[in-house]
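Spelled out from the first residue to the last, the chains are:
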Protein chains: 2
Amino acid sequence: MAVALVAHSGGPTAVINASLVGVVDESRRHRAMGGLWGARFGIDGILREDFVDLHGQGAEKLRAIGGAPSSALGTSRRAVTPAELERIAGILRAREVRYFFYTGGNGSMGTASQIAAAAAAMRYELQVVGIPKTIDNDLEETDHTPGYATTARFFACAVRDIGGDNRALPGQVEFVEVLGRNAGWLVAATALARHAADDAPHLIYFPEARLALDRLLGDIEAVYRRLGRCVVAVCEGQLDEHGEAFGADERAGSRGKLAMNLAHRLSMVTAERLGLRTRSEKPGLLGRSGVAYPCPRDWRDAYACGAAAVRAAAEGQSGVMVTLHHDGATGLAPLEKVAFVERLFPGGWRNEVGNDVRPEFVEWARPLIGEVEPHGYF
Amino acid sequence: MAVALVAHSGGPTAVINASLVGVVDESRRHRAMGGLWGARFGIDGILREDFVDLHGQGAEKLRAIGGAPSSALGTSRRAVTPAELERIAGILRAREVRYFFYTGGNGSMGTASQIAAAAAAMRYELQVVGIPKTIDNDLEETDHTPGYATTARFFACAVRDIGGDNRALPGQVEFVEVLGRNAGWLVAATALARHAADDAPHLIYFPEARLALDRLLGDIEAVYRRLGRCVVAVCEGQLDEHGEAFGADERAGSRGKLAMNLAHRLSMVTAERLGLRTRSEKPGLLGRSGVAYPCPRDWRDAYACGAAAVRAAAEGQSGVMVTLHHDGATGLAPLEKVAFVERLFPGGWRNEVGNDVRPEFVEWARPLIGEVEPHGYF
């Protein structure tokens, strides 16, 4: 009997398990899917034929997993070779997997598309549906991606909290390093921390534009002169005017160079050049691996994408990814339109000088991320 | 008419405002206290005579502030000169402040003691009561300090969450930099993240003991061989066998040298020496500036300390600090016994090789910090 298979790809998020449970719940309603397997550790689990029987799991366990961050199946983020694509298609055929759900970002949608092609090449009828997942919100064809809002909420709350500390103990410049290599969606969301005119973040920079060191120092000096303190939100992928990471240690990552200690470097340079007391925080993985500040809307969107993927496959769709409208309704887009394409933060949502968002972004983001309530002070 | 004054000192915590509201609520019950002023930004606020009328605040605002992290009054952490001590005593006398509450750590208790002495030297009758506050839990004479448990809970949850990420996407060594310059109370608390035998943290190091780099690398290799992954919890103040910070950037802090990017340095050295994929997170201030994972017990203890300080002063006590028993009951200790003394993590609660806690610590910590619930996975 035909069965379905679901696998995860790329970094875990706080709501990837919600999408998984959406797939489990919805697939039970479709008789054509005689079973649902989950691959352990993504592509590697398929190649090793290491599968979890998802319809065999108890309701309580599934409910707990649906609310837990990280990937309960395990995931993988390595590239897939052409020989492996063929082996994967062969394994799916041998196990009568007719429905394949792949949860990931733009690179993963490319892999999903390649798996569909490999199955077609061996004339095996396989329906492939992608489930969007990325904290970076950098997928085309969708208003937003599951995983983005929870991480965005985390960083907005983090900047609010660090801003409160900075207000109570002024005389310091604080750099908060936000996740996001190439796209500024997450760093932009820290703007939701603001309520009063002097609330953090005081400066927001976007990795889409290079940032001259002198420009940064000038901005900080102006804020410090006004408030006697300053909180700067900056992306891990921010580059200076030379296309370098301000002298931070770098390592080769899957998508180009990766600055390892960017905020720290900025705090050192600022202390040296401006003679100010500085420090830096790098919450890093905390921003995607926990649910410190739950975001119910993100959870619902993630669950809806999983369920919609199953419905699409049951209706005969293939080679598509589920998309989200701003109101949370789902749609579909061809995998090729999403694969390997990175959606950057819109230039029109950055202010003219490039150190803040425009109000239009906040209007777009608030329904997704929710209110970031201010803390009281005298 | 005689009035009372409260001031904050040192870094804010998540529950210092709970102690403040404890002072406000309790002081209303004592007719001898004809008013309660709060100094803005600690000692600086006293010197500038910048005071908030705390009895004049609305109930709703006070309730909101009591639950908010950071210091709603503002705080300060600079040293106080002898001339300033005299000026402070003079200001208190001129304003008929008969009760002075000072909320802080061991250095602040020293300042409180000096203010008491300065008032006595001018024969001004001033009752000084210290309210303990420090995330570091490094005060003598008290079982624990308000502020510790919330920060400890944050780092335990952070390590649980990063551990979940590390499990789902293995093949990596993760360093989590925990607050704590000289005392290992906070890093020890990450042990509460563990439920299964292979749960993070896999290694915990204590700043009380030097850590040879080869020893660290050997420990990591052994864990990695067993699990194919590793999460290391390490204090910001950890020193190597030479008394250096593993080559991290350093800066002169108020209490000796301060390593600026310790976990990052450890991740670089481990990658170079062991050829493993590594990364590091530095949640830093997030661990004390927010209430990502609320800790009701810590809140109650903080509130109780504020209220107990007022009762002690009303009963004629002076030159004392409020202490906490393990069950949350309060007591009193002479300021001189607490001032400028740092209580380190007990050697008997570290395992023999110094890379983990003993069960006795977990037994002590759990009622304070609460359960750190595990996340589900397949």
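Everything discussed here concerns the structure shown above.
Read on for an overview of the structure.

About the cut-offs
Residues numbered from 1 in each chain as written. Chains lettered and ligands numbered in written order. Predicted model: local features only at pLDDT ≥ 70, side-chain atom pairs only at ≥ 80, totals over all residues. Heavy atoms only, no water. Core = buried A, V, L, I, M, F, W, Y, C linked by side-chain atoms within 4.5 Å. Buried < 20%, exposed > 50% of the residue type's maximum accessible area, 1.4 Å probe, protein only. Contact = heavy atoms within 4.5 Å. Helix = DSSP H or I, 4+ residues; strand = E, 2+ residues; numbered from the N terminus. Expected span 1.5 Å × (residues − 1). Pairing = 2+ DSSP bridges. Axes fitted to C-alpha atoms, helices over the stretch in contact; angles between N-to-C directions. Salt bridge = Lys/Arg side-chain N within 4 Å of Asp/Glu carboxyl O. Phe/Tyr/Trp six-rings, centres within 6.5 Å; stacked < 30°, edge-to-face > 60°. Least-squares fit on C-alpha atoms with pLDDT ≥ 70 in both. Parallel < 35°, antiparallel > 145°, perpendicular 65-115°, else oblique. Buried area = accessible area lost by both parts, 1.4 Å probe. Polar contact = N/O pair within 3.5 Å; in protein donor to acceptor, adjacent residues only side chain to side chain. Left-handed = near helix turned anticlockwise from the far one by under 90°. Nonpolar A, V, L, I, M, F, W, Y, C, P; charged D, E, K, R; others polar.

1. A look at the nonpolar core
One recurring pattern in soluble globular proteins is that nonpolar side chains are buried together.
Piece 1. If you look at the biggest cluster of nonpolar residues, it comprises 88 residues, and the most contacted ones within it are A:Tyr148, A:Phe361, A:Ile369, B:Tyr148, B:Val357, B:Phe361 and B:Ile369.
Piece 2. If we ignore the near neighbours within four places in the chain, the residues touching B:Val357 are B:Ala188, B:Ala191, B:Ile204, B:Phe206, B:Phe345, B:Trp349, B:Arg350, B:Asn351 and B:Val362.

2. Examining helix 9 (residues 262-274) of chain B
Residues and elements named next belong to chain B.
Piece 1. Taking 1.5 Å per residue, 13 residues should reach 18 Å; helix 9 reaches 18 Å between its end C-alpha atoms and fits that length.
Piece 2. Of the residues making up helix 9, those classed as buried are Leu262, Ala263, His264, Leu266, Ser267, Met268, Val269, Thr270 and Ala271.
Piece 3. Residue glycine 275 follows helix 9 closely and has a positive phi angle near 65°.

3. Let's talk about the pairing of strand 6 (residues 173-178) of chain B
Residues and elements named next belong to chain B.
Piece 1. Here strand 6 lies mainly inside the structure; 6 of its 6 residues are buried.
Piece 2. Residues Val173, Phe175 and Glu177 point to one face of strand 6 and Glu174, Val176 and Val178 to the other, with burial holding for every one of them.
Piece 3. Across 6 bridges, the pairing between strand 6 and strand 8 (residues 230-235) is parallel. Counted as the bridge partner of glutamate 177 is valine 234 from strand 8.
Piece 4. Two elements, strand 6 and strand 11 (residues 278-281), share 4 bridges in a ladder whose sense is parallel. Residue pairing across strands places phenylalanine 175 opposite serine 280, the latter belonging to strand 11.

4. Some words on the sheet that holds strand 13 (residues 330-334) of chain A
Backbone hydrogen bonds are what pair the strands of a sheet, in a parallel or an antiparallel way.
Residue and element names in this part refer to chain A.
Piece 1. The sheet built from 7 strands is open, its strands ordered 3-2-1-4-5-12-13 with mixed pairing. Among the strands making up the open sheet, the edge pair consists of strand 3 (51-53) and strand 13. Each neighbouring strand pair of the sheet contributes to a mean axis angle of 30°, computed without reference to strand direction.
Piece 2. Relative to strand 5 (residues 127-132), strand 4 (residues 97-104) is paired through 6 bridges, and the arrangement is parallel. Counterpart to tyrosine 102 in the pairing with strand 5 is glycine 130.
Piece 3. The strands touched by helix 5 (residues 106-121) are strand 4, strand 5 and strand 12 (320-324); relative to strand 4, the strand with the most contacts, the crossing angle is about 165°.

5. Brief notes about the sheet that holds strand 11 of chain B
All names here are of chain B.
Piece 1. Here we have 4 strands laid out as an open sheet, ordered 7-8-6-11, and parallel in their pairing. Looking at strand neighbours, the two that pair on one side only are strand 7 (203-204) and strand 11, the edges of this open sheet.
Piece 2. Along the sheet, helix 9 makes contact with strand 6, strand 8 and strand 11, crossing strand 11 at roughly 175°.

6. Some details on the pattern of salt bridges
All names here are of chain A.
Piece 1. Under the definition given, this model contains 34 salt bridges over all chains.
Piece 2. When the shortest N-O distance is used, the salt bridge between arginine 167 and aspartate 198 registers 2.9 Å. In this pair, arginine 167 sits in helix 6 (residues 148-168) while aspartate 198 sits in the loop between helix 7 (185-189) and strand 7 (203-204), placing the two residues 31 residues apart along the sequence.
Piece 3. Residue class for aspartate 198 comes out partly exposed when judged on its relative accessible area of 23%.
Piece 4. Residue glutamate 281 is joined to arginine 279 by a salt bridge in which the shortest nitrogen-to-oxygen separation is 2.6 Å.
Piece 5. Residue class for arginine 279 comes out buried when judged on its relative accessible area of 19%.

7. A short note on the side chain of B:Ser280
Piece 1. Considering the arrangement of structural elements, one finds B:Ser280 in strand 11.
Piece 2. Among all residues touching B:Ser280, those that are not within four sequence positions of it are A:Lys282, B:Glu174, B:Phe175, B:Ala263, B:His264 and B:Ser267.

8. Section: the packing of aromatic side chains
Residues and elements named next belong to chain A.
Piece 1. In the structure shown here, the tally under the stated rule is 29 aromatic pairs over all chains.
Piece 2. With a centroid separation of 5.3 Å and 15° between ring planes, the pair formed by phenylalanine 206 and phenylalanine 345 is classed as stacked. Of this pair, phenylalanine 206 sits in the loop between strand 7 and helix 8 (213-227) while phenylalanine 345 sits in the loop between helix 12 (335-338) and helix 13 (359-369), and the two are 139 residues apart along the sequence. Take phenylalanine 206 and phenylalanine 345: they sit in the same class, and that class is buried.

9. Some remarks on the relation of the copies chain A and chain B
Piece 1. The transformation that overlays chain A on chain B combines an axial shift of 0.0 Å with a rotation of 180°, and the residual RMSD is 0.0 Å. Taken together, the rotation angle and the small translation identify this as a two-fold axis.
Piece 2. A symmetric contact is evident, with 100% of the interface residues of chain A recurring at the interface of chain B.

10. Side note on the pairing of strand 1 (residues 3-8) of chain B
All names here are of chain B.
Piece 1. The buried fraction of strand 1 is high, at 6 of 6 residues.
Piece 2. Residue alternation in strand 1 divides its side chains into two sets, Val3, Leu5 and Ala7 and Ala4, Val6 and His8, and both sets are buried.
Piece 3. The pairing of strand 1 with strand 4 (residues 97-104) spans 6 bridges and is classified as parallel. Of the residues in strand 4, the one forming a bridge with valine 3 is valine 97.
Piece 4. The pairing of strand 1 with strand 2 (residues 36-39) spans 3 bridges and is parallel. Bridge pairing links alanine 4 to leucine 36 in strand 2.

11. Thoughts on the packing of helix 8 (residues 213-227) of chain B against helix 9 of chain B
Residues and elements named next belong to chain B.
Piece 1. At a closest axis distance of 11 Å, the pairing of helix 8 and helix 9 adopts a crossing angle of 70°. Considering the angle they form, helix 8 stands roughly perpendicular to helix 9. Each of Leu213, Asp214, Leu216, Leu217, Ile220 and Glu221 in helix 8 lies in contact with helix 9, whose residues at this interface are Leu266, Val269, Thr270, Arg273 and Leu274.

12. As for the environment of A:Leu285
Piece 1. Counting through the fold element by element, A:Leu285 comes out in the loop between strand 11 (278-281) and helix 10 (286-289).
Piece 2. Distance from A:Leu285 to A:Pro12, taken between C-alpha atoms, is 9.7 Å for residues 273 residues apart in sequence.
Piece 3. Other than its neighbours up to four places away in sequence, A:Leu285 contacts B:Ile162, B:Asp165, B:Glu174, B:Arg279 and B:Glu281.

13. Considering the interface of chain A and chain B
Piece 1. On the side of chain B, 62 residues touch chain A, which itself brings 62 residues to the contact.
Piece 2. With both chains or domains summed, chain A and chain B bury close to 4,800 Å², and 60% of this area falls on carbon and sulfur atoms.
Piece 3. Among the ionic pairs, A:Asp165 bridges to B:Arg288, the shortest N-O distance being 2.8 Å.
Piece 4. At the junction of chain A with chain B, the criterion picks out 24 residue pairs in polar contact (both at pLDDT 80 or more).

14. Describing the packing of helix 4 (residues 82-94) of chain A against helix 5 of chain A
Residue and element names in this part refer to chain A.
Piece 1. One can describe the packing of helix 4 onto helix 5 by two numbers: an axis separation of 9 Å at closest approach and a directional angle of 65°. Seen from above, helix 4 lies across helix 5 with right-handed handedness. Of helix 5, the residues touching helix 4 (which contributes Leu85, Ile88, Ala89 and Leu92) are Thr111, Gln114, Ile115, Ala118 and Ala119.
Piece 2. Broken down by class, the residue content of the contact of helix 4 with helix 5 amounts to 7 nonpolar, 2 polar and no charged.

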